[in-house]
Amino acid sequence: MLDVGRIATGGKEYPGNLTPFVTVTCVVAAMGGLSFGYDIGISGGVTTMPSFLKKFFPSVYRKKMENASTNQYCQYDSQKLTMFTSSLYLAALVASIVASTVTRKFGRKPSMLFGGVLFFAGASINGGAKAVWMLIVGRMLLGFGIGFANQSVPLYLSEMAPYKYRGALNIGFQLSITVGILVANFLNYFFAQVEGGWGWRLSLGGAMVPAVIITFGPLVLPDTPNSMIERGQTDEAREKLRMIRGIHGVDEEFNDLFAASEESKKVEDPWRNLLQRKYRPHLTMAILIPFFQQLTGINVIMFYAPVLFETIGFKNDASLMSAVITGIVNVGATLVSIYGVDKWGRRFLFLEGGTQMLICQAVVTAAIGAKFGVDGNPGDLPKWYAIVVVLFICIYVAGFAWSWGPLGWLVPSEIFPLEIRSAAQSINVSANMLFTFLIAQVFLTMLCHLRFGLFLFFAFFVLVMSVFIFFFLPETKGIAIEEISQVWKQHWYWSRYVADEDFPCRVSPPKNSNFSILKLMHYQVN
């Protein structure tokens, strides 16, 4: 029987420790995810606040207030409302492409810093918005900021972390996203009760806080050795690598990083280079992993969790509280992923999470279909029913949060060779934002027309993506970032696109030898 997952690599084991320096550095960098998470949580919450709807989306407000017995599936069906939510992701798509050039030429830090400034500007405009156009402009500035941050932060974490702990430290980015979602849900719950109906301004303006963190965080962060070598700062890179790893003998890892950088300098146009046959597996993963990540249906839950809970019969405040509950589950399950990703591997978490989500989507479909039917009029909902729906949605969220949530960012950021890393990460972020935009834009219309069948739509794709992972994604646990290209040569399918000469094995200098970088560059084992 074909073993599609295990790859026998003669992987290297670079010396080094998980130092307090690199731990603190990665924690600070991972805070870049706070802005993304806060926005996901806040945008769904404010759209259930009557004062916000009355001011900016009066047609939705009237539809919601006129008759509580109307079709619950369709009460939020408004293209203007969904444009408010999804415009951010269209802007992030554009920004991530620009961020590739900034990240490659100037390093990962300036890209993070610029993203924080743009996010702060967008939050300021949204908090003081007087008209819908101001909301849209503010959302687009938020999107530009997220595009820069999401392009640079996962790369920064993958390059900074020791290979044995790369998964756990990189998932710190996803953890900060989940914390941002949870904080936003808590704030929505309390701000919705502010007298005078202006609590939505506090929710939207509160995005300035994570903006300040990701603006000032890069000012105290070191650049990655990979990026410093790429920009010709070799001596500084060697010293930085010694500081990061906590040991003096880093020559083996440094020489491999240098050799990878020399190869990357031969690439004049990384965008065109991505189309080469040998990068087919990388490009496939850069597009399909974010595509599948959005088609799990998770952003449907997290964007519109308050709307969804209100739709299935909760009162306004209770729906926001239910979103807080799912946010807590999200954070807790992400911690499980941090613990297990470098122990159990990427494939195990992908496949277990997919199975868990598939089962839960089937149960939620049956539960909503039984009570709401096709006309969307549930009548009185018993308490036990509401508890069952929330329980299985929480189990679903947990399945996502320890699989497709963090791994959807981790795996693409760690598989790209240095010569295409910035460009390929931009493709990954752009694909993520494009599919997020499309799903956010059509979700409420799909809910109105497909009704409870919408969950079956997403369940089908969860099945497809699990089959894809089983057959086409090799395990990358415990492999040095500059050596991961070797796994494609030994994969049952991708080996037909990647030849031995495409990614030759590098030989590192023997310990206590004077093996030169020049020899390293020309000495290869085929």
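Just above sits the structure.
In this text, all values refer to a predicted model and were calculated from it rather than measured experimentally.

**Student:** When you look at the overall build of the protein in this model, what are you seeing that I'm missing?
**Tutor:** From N to C terminus, the protein includes 25 helices and 2 strands. Per-residue burial for the protein yields a buried fraction of 60% across its 526 residues. Taken as a whole, the protein presents about 19,800 Å² of accessible surface, with 66% of it coming from carbon and sulfur.

**Student:** Mind showing me how you'd approach helix α10 (residues 208-220) here?
**Tutor:** Because an α-helix packs 3.6 residues into every turn, residues spaced three or four apart end up facing the same way. With 13 residues, α10 should cover 18 Å at 1.5 Å per step; its first-to-last C-alpha distance of 19 Å lies within 8% of that length. Inspection of α10 places Pro210, Ala211, Ile214, Thr215, Gly217 and Pro218 among the buried residues, and these make up the whole buried set. Burial along α10 is one-sided: seen end-on, the buried residues are contained in an arc of 165 degrees. Residues of α10 that are exposed and point over 90 degrees away from its buried face: Val209, Phe216, Leu219 and Val220. Buried residues in α10 make contact with α1 (20-30), α2 (33-46) and α6 (108-127).

**Student:** Explanation requested: the pattern of salt bridges in the structure shown.
**Tutor:** Any two side chains of opposite charge can pair, given that their charged atoms come close. Tallied over the full model, the rule gives 11 salt bridges. For Glu230, the salt bridge goes to Arg108, with nearest N and O atoms at 3.6 Å. In this pair, Glu230 is assigned in helix α11 (residues 225-230) and Arg108 in helix α6, connecting sequence segments 122 residues apart. A single burial state applies to Glu230 and to Arg108, both of which are buried. Between Arg238 and Asp251 there is a salt bridge; the shortest N-O distance is 2.7 Å. Of this pair, Arg238 sits in helix α12 (residues 234-245) while Asp251 is found in helix α13 (residues 251-265), placing the two residues 13 residues apart along the sequence. Its relative accessible area of 36% is what places Asp251 among the partly exposed residues. Each of Arg108, Glu159, Glu230 and Arg421 takes part in salt bridges that share partners, so that together they form one network.

**Student:** Please clarify how the nonpolar core should be interpreted in this entry.
**Tutor:** Within the largest apolar cluster, 108 residues are counted, with the highest numbers of intra-cluster contacts made by Phe52, Trp404 and Met433. The leading source of residues in this core is helix α22 (residues 421-450), at 10 residues. Counting residues in each nonpolar core, the second largest holds 8 residues, with Met228, Ile229, Ala237 and Leu257 among its members.

**Student:** How should a nonpolar patch on the surface be read in this particular structure?
**Tutor:** Among the surface-exposed residues, Phe120, Val212, Phe216, Leu219 and Val220 lie close enough to one another that they form a single nonpolar patch of about 490 Å² accessible area. In terms of residues, the nonpolar patch owes the most to one element, α10, which gives 4 residues. In this structure, Val220 sits in helix α10.

**Student:** Looking at this structure, how should I read the packing of α1 against helix α7 (residues 132-160)?
**Tutor:** Packed helices, taken two at a time, are described by the angle between their axes plus the distance between the axes. It is the contact of α1 with α7, at a shortest axis distance of 10 Å, that shows an interaxial angle of 170 degrees. By the angle between their directions, the pair α1 and α7 is classed as roughly antiparallel. Every residue of α7 that contacts α1 at Val22, Thr25, Cys26, Ala29 and Ala30 is listed here: Val153, Tyr156, Leu157 and Met160. Grouping the amino acids of the contact of α1 with α7 by side-chain chemistry returns 8 nonpolar, 1 polar and no charged.

**Student:** Is there a simple way to explain the packing of aromatic side chains in this structure?
**Tutor:** For any pair of aromatic rings, the description consists of the separation of the ring centres together with the inter-plane angle of the planes. Evaluation of the coordinates by the stated rule reveals 33 aromatic pairs. With a centroid separation of 4.9 Å and 85 degrees between ring planes, the pair formed by Phe114 and Phe148 is classed as edge-to-face. Separated by 34 residues along the polypeptide, Phe114 in helix α6 and Phe148 in helix α7 bring together distant segments of the chain. Between Phe291 and Phe292 the ring centres are 5.4 Å apart and the planes differ by 50 degrees, which places this aromatic pair in the tilted class. One Lys or Arg, Arg139, reaches over the ring of Phe84 and ends 5.0 Å from the middle of that ring. Across from the ring centre of Phe254, 4.1 Å away, lies the NZ or CZ of Arg238, which sits over that ring.

Definitions and limits used
Residues numbered from 1 in each chain as written. Predicted model: local features only at pLDDT ≥ 70, side-chain atom pairs only at ≥ 80, totals over all residues. Heavy atoms only, no water. Helix = DSSP H or I, 4+ residues; strand = E, 2+ residues; numbered from the N terminus. Buried < 20%, exposed > 50% of the residue type's maximum accessible area, 1.4 Å probe, protein only. Areas by Shrake-Rupley, 256 points an atom, 1.4 Å probe, with all protein chains shown as cover. Expected span 1.5 Å × (residues − 1). Arc of directions from axis to C-beta. Contact = heavy atoms within 4.5 Å. Salt bridge = Lys/Arg side-chain N within 4 Å of Asp/Glu carboxyl O. Core = buried A, V, L, I, M, F, W, Y, C linked by side-chain atoms within 4.5 Å. Patch = residues over 30% accessible without salt bridge, like charges linked within 9 Å, V, L, I, M, F, W, Y side chains within 5 Å. Axes fitted to C-alpha atoms, helices over the stretch in contact; angles between N-to-C directions. Parallel < 35°, antiparallel > 145°, perpendicular 65-115°, else oblique. Nonpolar A, V, L, I, M, F, W, Y, C, P; charged D, E, K, R; others polar. Phe/Tyr/Trp six-rings, centres within 6.5 Å; stacked < 30°, edge-to-face > 60°. Lys NZ or Arg CZ within 6 Å of the ring centre and 35° of its normal.

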